[in-house]
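# Results of the structural survey
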Amino acid sequence: MDNKTEPKITAKPASLRWGILRQALLRRSSTQNSDGQSLSPIKLISRKTIHGFNLIPSQLIDKDPNSRDACICYTLPINGSPKLFLTQRMKVGTDLSDFEMSNRYNIDNTGLVCHWPSEDVLSYFCLSHADMFRSKRVIELGSGFGLAGLVIAATTEALEVVISDGNPQVVDYIQRNIDANSGAFGTTEVKSMTLHWDQKETANISNTFDIIVASDCTFFKEFHEGLACTVKLLLRIAGTSEAIFFSPKRGDSLDKFLEKIEEKGLRFCITENYDTEVWMRHQGFMNGNNSWPSYEKDHCYPLLIRVTL
């Protein structure tokens with residue numbers, strides 16, 4: 001085999017999906033199946049997770065067959081909590097236009113692909129620790145469809161919740177979901193924001209937030225520097241403030257991010273067993289629970305990382 005023309009496929013599926021999509025898709029390359037039919041690289045590489053911790057029950061309530069979107073109802077597992085209704089992408093695969101947008105803004109498109117398991121864990125953690133958010137200013141980074149931010153807004157009596165993402169398409173979904181659930185927020189001010197982690201003009205929100213939350217935002221190493229800078233910039237200097245991350249190790253990606261955190265003069269601590277219910281489900285998956293047959297601790301189990309100034 002000539003390695004210059006036929007590279008060996010040794011990378012993990014995640015690297016294959018996200019590492020080559022920009023080049024392959026933006027060139028609109030295609031392959032053929034055994035019947036000679038052209039197949040989009042999207043259908044060969046892109047996939048959405050179909051498993052999770054299922055800590056917050058959800059149900060499909062509205063799906064237009066002519067639309068790629070659907071409305072999902074999330075029933076929060078705490079008595080007296082409101083139901084949340086989120087419009088999400090349900091179409092299998094990803095459109096070429098999504099990756100053109102990704103290339104234009106230097107962002108990833110993972111927020112559009114699906115609701116990720118770490119977001120489920122973050123949402124459950126926030127729901128279970130509502131007191132820590134009361135009367136606080138909170139921002140969620142890399143929010144995707146915004147479930148965790150909406151949970152905080154609906155259940156914790158936070159003063160303000162900003163639900164942000166760097167992808168303008170994702171922020172459109174976030175705003176739709178804020179509007180759809182506005183009656184659940186009480187006196188909490190809730191808004192969406194397009195926030196790129198390399199954005200320079202952030203003076204209007206610097207030193208603003210008591211708590212930052214984020215889930216599965218440390219996978220792409222090229223964004224580590226910007227994310228670490230954003231955390232330091234946004235945290236309120238006066239009083240007690242912290243950033244709460246839920247992220248699997250994903251090889252050395254989490255370790256590399258934490259190196260950037262330390263470079264910025266921030267401190268962190270990592271907790272593996274942070275909730276009885278989450279830990280019990282994790283142990284079940286590790287012991288062969290067939291509800292998540294491809295479960296791998298390094299890739300699937302989110303660690304709790306708390307970052308402080």
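Residues numbered from 1 in each chain as written. Predicted model: local features only at pLDDT ≥ 70, side-chain atom pairs only at ≥ 80, totals over all residues. Heavy atoms only, no water.

In the annotation of an unreviewed UniProt entry, the protein chain is listed under the name Calmodulin-lysine N-methyltransferase and assigned to Jatropha curcas.

What follows is about the packing of helix 8 (residues 224-234) against helix 9 (residues 253-263). Interhelical geometry of helix 8 versus helix 9 gives an angle of 45 degrees and a closest axis separation of 9 Å. Of the possible angle classes, the one that applies to helix 8 and helix 9 is oblique. Here the hand of the crossing between helix 8 and helix 9 comes out right-handed. On the side of helix 8, the interface is formed by His 224, Glu 225, Leu 227 and Ala 228, while helix 9 contributes Ser 253, Lys 256, Phe 257, Lys 260 and Ile 261. (Axes fitted to C-alpha atoms, helices over the stretch in contact; angles between N-to-C directions. Helix = DSSP H or I, 4+ residues; strand = E, 2+ residues; numbered from the N terminus. Parallel < 35°, antiparallel > 145°, perpendicular 65-115°, else oblique. Left-handed = near helix turned anticlockwise from the far one by under 90°. Contact = heavy atoms within 4.5 Å.)

Counting 75 residues, the largest nonpolar core has Phe 53, Leu 84, Leu 141, Val 231 and Phe 245 as its most contacted members. Of all the elements, helix 6 (residues 147-155) adds the most residues to this core, at 7 residues. With residues near it in sequence (within four places) discarded, Phe 53 still touches Pro 117, Asp 120, Val 121, Val 278, Arg 281, His 282, Phe 285, Trp 292, Tyr 295, Cys 300, Tyr 301 and Pro 302. (Core = buried A, V, L, I, M, F, W, Y, C linked by side-chain atoms within 4.5 Å. Buried < 20%, exposed > 50% of the residue type's maximum accessible area, 1.4 Å probe, protein only.)

With their axes 8 Å apart at the nearest point, helix 5 (residues 117-128) and helix 6 run at an angle of 15 degrees to one another. Considering their axes alone, helix 5 and helix 6 lie roughly parallel with respect to each other. Read as a crossing pair, helix 5 and helix 6 show a hand that is right-handed. Contacts from Glu 119, Leu 122, Ser 123, Cys 126 and Leu 127 in helix 5 reach Leu 147, Ala 148, Val 151, Ile 152 and Thr 155 in helix 6. In the contact of helix 5 with helix 6, the residues fall into 7 nonpolar, 2 polar and 1 charged. (Nonpolar A, V, L, I, M, F, W, Y, C, P; charged D, E, K, R; others polar.)

Note that Asp 216 resides in the loop between strand 9 (211-215) and helix 8. Among all residues touching Asp 216, those that are not within four sequence positions of it are Ser 118, Phe 246, Ser 247, Pro 248 and Arg 250.

Let's shift gears to the state of the cysteines. One pass over the full model with this rule turns up 0 disulfides. Cys 71 carries a free sulfur, and the closest cysteine sulfur to it, the one in Cys 73, is 7.4 Å from it. On the basis of relative accessible area, Cys 71 is assigned to the buried category, the value being 17%. (Disulfide = S-S within 2.5 Å.)

What follows is about the environment of Gly 80. Within the element layout of this structure, Gly 80 appears in the loop between strand 4 (69-75) and strand 5 (83-89). Counting along the chain gives 75 residues from Gly 80 to Thr 155, while the straight-line C-alpha distance between them is 9.2 Å.

Strand order across the open sheet formed by 3 strands is 3-4-5, with antiparallel pairing between neighbours. At either end of the open sheet lies a strand with only one pairing partner, and these are strand 3 (58-63) and strand 5. Neighbouring strand axes in the sheet, compared pairwise and without regard to direction, differ in orientation by 30 degrees on average. Strand direction decides the pairing type here: strand 3 and strand 4, joined by 5 bridges, are antiparallel. Residue pairing in the sheet places Gln 59 in a bridge with Cys 73 of strand 4. Along the sheet, helix 6 makes contact with strand 4 and strand 5, crossing strand 5 at roughly 160 degrees. Of the strands in this sheet, strand 4 and strand 5 touch helix 7 (residues 168-180), which is tilted by about 155 degrees from strand 5. (Pairing = 2+ DSSP bridges.)

So, about helix 8. Listing the buried residues of helix 8 in full gives His 224, Gly 226, Leu 227, Ala 228, Thr 230, Val 231 and Leu 234. Against the buried residues of helix 8 lie strand 6 (137-141), strand 9, strand 10 (242-247), helix 9 and strand 12 (303-308).

This part takes up the side chain of Ser 164. You can see Ser 164 is positioned in strand 7 (residues 160-165). The class of Ser 164 is buried, set by a relative accessible area of 1%. Beyond its immediate chain neighbours, meaning those up to four positions away, Ser 164 contacts Ile 139, Glu 140, Leu 141, Gly 142, Ser 143, Ile 174, Met 193 and Leu 195.

On to the environment of Ser 123, then. Summarising the element assignment, Ser 123 is placed in helix 5. Take Ser 123: its relative accessible area is 0%, and that puts it in the buried class. Sequence separation between Ser 123 and Leu 76 is 47 residues, and the spatial gap between their C-alpha atoms is 9.4 Å. Once residues within four sequence positions are removed from consideration, Ser 123 is found in contact with Ile 56, Leu 147, Ala 148 and Val 151.

Spatial ordering of the open sheet is given by 8-7-6-9-10-12-11, a layout of 7 strands whose pairing is mixed. The sheet terminates laterally at strand 8 (189-194) and strand 11 (267-271), the two strands that pair on one side only. Across this sheet, the average inter-strand angle for adjacent strands is 20 degrees, counted without regard to direction. Here strand 7 runs beside strand 8; their pairing, made up of 6 bridges, is parallel. Along strand 8, the bridge assignment pairs Asp 165 with Thr 194.

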